Amino acid sequence: MNIPMVDLKQQYQALKQNIEQALEDVLESTHFILGPNVQAFEKEAAAYLGVKHAVGCASGTDALHLALRAAGVREGDEVITPAFTFIATAEAISYVGAKPVFVDIDPRTFNLDPALVEAAITPSTRAVLPVHLFGQPADIFALQQLCARHDLLLIEDCAQSFGAGVEGRMTGSFGLAGCFSFFPSKNLGCYGDGGLVTTNDDVLAQELLVLRNHGSRQRYHHSVIGYNSRLDEMQAAILRIKLKHIDEYNRLRRRNAHLYNEGLKGLPVATPFEDGKGVHVFHQYTLLVEGRERVQQALSDAGIASAVYYPIPLHRQEVYQELLAATSLPVTEQAAGRVLSLPMFPELTPEQINHICQVIAGAL
Ligand SMILES: *Cc1c(COP(=O)(O)O)cnc(C)c1O
């Protein structure tokens, strides 16, 4: 039984007819750039996420970049963010000329530790950029209060948390902006690259619309240097179909996570901690385990995929080496040495999960 980290085929098979019809409609319309599907998807996503505005763009990385730029973060500014995340989070900070200030995480949730964020604030700090890592909302009310108290911008990296929420509110609705990715393997994924910025701020939304389209509000009038970063019309058509199913996909991810928890009970591994404050949508199902190589080998021998997100924290990346000496992140380093992510997708079956747990038990 070969089990991949993510199986996108089953979902495609289930939606095939609708998706192919939607793509054919776009092809027939020949309205390929910023057409009716982008507009409709932005409306539907904003309604789902409970925000006033949602602006589509070309990727999750661009969503972060556009949000930081629209918010006015620039050279000389510091932005507090975790090092235990995908490189794009910090890249976007560097794109606008600001400096990422890496802060340590909570050892159980892997999300930014608000107390350490507070301690890292300097007169240059302009924004806090938490990541809702693996699909679990960061400690967002604490971060919100802290940002209000210190007059800092709060920008959320929601690339892994579409549909995750806290107290009935969705991630992406708490900060000045929320930044989403529709990379194919994300909880809501398209069939290429795509991204979205959410905001309740009318001025920011206008700025985002201008920036994503060559700095242009009106055709051939350019007020600022912008980008070509539009959400593709065909991807928007696909996302509109998938958005209708996202709650079901996330419900199945949670079910699968809880089946894993059951199956791994009694073994010397730490199963994912749910802090109970928010709804975790399990973009990844991530264990802490000693002897990770042994477990990975046993899984691999059985044809089961596994992955380490993330083996090298960002402060240890070559590109950020000048920050290394000033950065001490013991919890991040510990996590990077022990995390192991198991296959996770809605269509994973209880039988497959049971099998994976047995292979792990045999290795420990
Ligand atoms: C995937 C991801 C991104 C980047 O999204 P892309 O659409 O691939 O550009 C940013 N941050 C995090 C945490 C991610 O997981």
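Reading the values: rules and limits
Residues numbered from 1 in each chain as written. Predicted model: local features only at pLDDT ≥ 70, side-chain atom pairs only at ≥ 80, totals over all residues. Heavy atoms only, no water. Helix = DSSP H or I, 4+ residues; strand = E, 2+ residues; numbered from the N terminus. Rg over C-alpha atoms; globule rule 2.2 N^0.38 Å. Buried < 20%, exposed > 50% of the residue type's maximum accessible area, 1.4 Å probe, protein only. Contact = heavy atoms within 4.5 Å. Areas by Shrake-Rupley, 256 points an atom, 1.4 Å probe, with all protein chains shown as cover. Lys, Arg positive; Asp, Glu negative; His and termini not counted. Charge placed at Lys NZ, Arg CZ, Asp CG, Glu CD. Near = heavy atom within 4 Å. Polar contact = N/O pair within 3.5 Å; in protein donor to acceptor, adjacent residues only side chain to side chain. Nonpolar A, V, L, I, M, F, W, Y, C, P; charged D, E, K, R; others polar. Pairing = 2+ DSSP bridges. Patch = residues over 30% accessible without salt bridge, like charges linked within 9 Å, V, L, I, M, F, W, Y side chains within 5 Å. Salt bridge = Lys/Arg side-chain N within 4 Å of Asp/Glu carboxyl O. Phe/Tyr/Trp six-rings, centres within 6.5 Å; stacked < 30°, edge-to-face > 60°. Domains from an automatic or database assignment. Buried area = accessible area lost by both parts, 1.4 Å probe. Axes fitted to C-alpha atoms, helices over the stretch in contact; angles between N-to-C directions.

Q: Kindly report on the overall build of the protein chain, identifying the contributing residues and their values.
A: Scanning the protein chain from terminus to terminus reveals 13 helices and 15 strands. In summary, the protein chain has a C-alpha radius of gyration of 20 Å against a globular reference of 21 Å for 364 residues, a match within 12%. In terms of overall dimensions, the protein chain has a C-alpha envelope of 65 × 55 × 35 Å along the principal axes. The buried share of the protein chain, taken over its 364 residues, is 54%. A separation threshold of at least 6 residues defines the contact pool for the protein chain, and within that pool the share at least 24 residues apart is 71%. As displayed, the protein chain offers around 15700 Å² of accessible surface, 51% of which is attributable to carbon and sulfur atoms. Here the protein chain carries 29 positive and 40 negative side-chain charges, and the mean point of each set is 2 Å from the other.

Q: Residue-level account of the environment of D193, with values.
A: Mapped onto the elements, D193 comes out in the loop between β8 (177-181) and β9 (195-199). Residues D193 and K52 lie 141 residues apart in sequence; the distance between their C-alpha atoms is 24 Å. The contacts of D193, once residues within four sequence positions are left out, are A58, F183 and Q235.

Q: Any details on the site of the ligand? Residues and values, ideally.
A: Not every one of the 15 residues close to the ligand is listed here, only the nearest: G60, T61, D157, S181 and K186. Residue Q160 places a side-chain N or O atom 2.8 Å away from an oxygen atom belonging to the ligand. Side-chain polar atom of K186 to an oxygen atom of the ligand: 3.0 Å apart, as the coordinates give it. Summarising the interface, the protein chains cover 92% of the accessible area of the ligand, which totals 380 Å² for the free molecule. Those elements that place two or more of their residues in the shell around the ligand are α3 (60-70) and α4 (87-95). A per-element tally of the shell around the ligand places α3 first, with three residues. Taken together, the residues of the shell around the ligand sort by class into six nonpolar, seven polar and two charged.

Q: So, the sheet that holds strand β13 (residues 278-279): which residues are in play, and what are the values?
A: Taken together, the three strands give an open sheet; going across it, the order is β7-β6-β13, and neighbouring strands pair in antiparallel fashion. The sheet terminates laterally at β7 (169-170) and β13, the two strands that pair on one side only.

Q: Quick one: what's the story with the side chain of Q352, residue by residue and with numbers?
A: Position of Q352 among the secondary structure elements: in helix α13 (residues 350-363). Setting aside its immediate chain neighbours within four residues, Q352 contacts M1, I3 and E347.

Q: A description of a nonpolar patch on the surface should follow, citing residues and the corresponding values.
A: A surface patch of nonpolar side chains, amounting to about 270 Å² of accessible area, comprises L27, F32 and I33. The exposure class of L27 is partly exposed, given its relative accessible area of 47%.

Q: Give a description of the packing of aromatic side chains that names residues and reports values.
A: In the structure shown here, the tally under the stated rule is 14 aromatic pairs. When the ring of Y12 is compared with that of Y191, the centres are 6.0 Å apart and the planes differ by 85°; the resulting orientation is edge-to-face. Of this pair, Y12 sits in helix α1 (residues 9-29) while Y191 sits in the loop between β8 and β9, placing them 179 residues apart in sequence. Among the aromatic side chains, those forming a connected cluster through ring pairs are F41, Y48, F162, F180 and F182.

Q: Go over the domain arrangement of the protein chain, please, and point to the residues and values.
A: Along its sequence, the protein chain is carved into domain 1 (8-243) and domain 2 (246-363). For domain 1 versus domain 2, the distance between C-alpha centres works out to 24 Å. Each side of the interface is counted separately: domain 1 has 44 residues, and domain 2 has 37 residues. When the two sides are added together, the surface that domain 1 and domain 2 hide from each other amounts to roughly 3400 Å², 61% of it contributed by carbon and sulfur.

Q: Summarise the pairing of strand β15 (residues 339-342); cite the residues concerned and give the values.
A: Side-chain alternation along β15 places V339 and S341 on one buried face and L340 and L342 on a second face that is also buried. Note that strand β14 (residues 285-289) and β15 share four bridges and pair antiparallel. The partner of L287 across the bridge, within β15, is L340.

Q: An account of the sheet that holds strand β4 (residues 125-128) is needed here, citing residue identities and associated values.
A: The strand order across the open sheet built from seven strands is β1-β9-β8-β5-β4-β2-β3, with neighbouring strands paired in mixed fashion. Strands at the two margins of the open sheet, each flanked by one partner only, are β1 (53-57) and β3 (99-103). Neighbour-to-neighbour, the strand axes of this sheet turn through a mean angle of 25°, independent of strand direction. Where strand β2 (residues 78-82) lies against β3, five bridges are found, and the strand directions are parallel. Among the inter-strand pairings, I80 is bridged to a residue of β3, identified as V101. The strands that α3 touches are β1, β5 (153-157), β8 and β9; relative to β8, the one it contacts most, it runs at about 160°. The sheet strands contacting helix α6 (residues 140-150) are β4 and β5, and the helix crosses β5 at an angle near 155°.

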